[in-house]
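# What the coordinates show
Take a look at the letters that make up each chain.
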Amino acid sequence: IDPREGDMVTKVALLDLTYKELKGLITSWGSPRYRADQIAEWLYKHLATDFDQMHNLPLPLRERLKEKAEIQRLTVKAKISSPDRLTRKLLFALPDGNTIESVLMRYERRNTLCLSTQVGCPIGCPFCATGQSGFVRDLSPGEITEQALYFAREERVTNIVFMGMGEPFLN
C-alpha cells in the first residue's frame, strides 16, 4: 500500500507492454529511449528474470524498475513429464489465482511449445475438460509470452503452437 495514496500499488507488467509502450514508460521516467532497447534485449534475448541481471542499466533505473515494474508473474504449481521425458507439462498459477497449462514436446529435430491463451474456454466441446470447465478470461500478452520465455530459459524452442487452454483465435 502506498501510504501517500492509501491505494494498492500496482506494478507494470513489462511483458504486457508493446515496444512503443515500453519506450514511453522509460522516457516518462526521464531515462533516454535507448534504455528501452536495453531492457527489451534483457527480457527477450538474454531471458532475464531479475532487474539486477540488467547490469548495463544505471542503478537508479534498476531500482525504479524493481519498485514500479515486474517481469515474472506466473508461478509454477506443478510439473509432469512423460515416462520417456520427451513431453513436459507445467501448471502455472496466474496472479489472480487462476491456473493454465503449457506443454513442451521434444522431437528429434524440433522442440514444440504448446501455449494457453485463455483461462478456460467458451466453446464447451463435450470431449474437452477445459471446455467443460467454462470460460474465465483471456490471458494478457505478457501471460502468454511468459509461458514461452519460461521454457526458452531451459532449452531451445523451435516451434510454438496455441493448442493449450482456450481457443487462441478468440483472444
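Residues numbered from 1 in each chain as written. Predicted model: local features only at pLDDT ≥ 70, side-chain atom pairs only at ≥ 80, totals over all residues. Heavy atoms only, no water.

## Regarding the sheet that holds strand β5 (residues 99–106)
The strand order across the open sheet formed by five strands is β3-β4-β5-β6-β9, and the pairing between neighbours is mixed. The open sheet has two edge strands with one neighbour each: β3 (75–81) and β9 (159–161). Each strand axis lies, on average, 20 degrees off the axis of its neighbour in the sheet, ignoring direction. Pairing analysis gives six bridges linking β3 to strand β4 (residues 87–93), with the strands arranged antiparallel. Looking at β4, one finds that T75 is bridged to A93. Contacting β3, β4, β5, β6 (111–114) and β9, helix α5 (residues 141–152) runs over the sheet at an angle of about 135 degrees to β4. (Pairing = 2+ DSSP bridges. Helix = DSSP H or I, 4+ residues; strand = E, 2+ residues; numbered from the N terminus. Axes fitted to C-alpha atoms, helices over the stretch in contact; angles between N-to-C directions. Contact = heavy atoms within 4.5 Å.)

## A few points about the packing of aromatic side chains
Counted under the stated rule, the structure contains two aromatic pairs. Ring centres 5.4 Å apart and planes at 80 degrees place the aromatic pair F92 and Y150 in the edge-to-face group. With F92 in strand β4 and Y150 in helix α5, this pair connects stretches of sequence that are 58 residues apart. For F92, a relative accessible area of 1% corresponds to the buried category. Looking at Y150, the relative accessible area reads 16%, which means it is buried. Aromatic side chains Y150 and F151 sit 5.6 Å apart centroid to centroid with 80 degrees between the ring planes, which places their arrangement in the edge-to-face category. You can call F151 buried: its relative accessible area is 0%. (Phe/Tyr/Trp six-rings, centres within 6.5 Å; stacked < 30°, edge-to-face > 60°. Buried < 20%, exposed > 50% of the residue type's maximum accessible area, 1.4 Å probe, protein only.)

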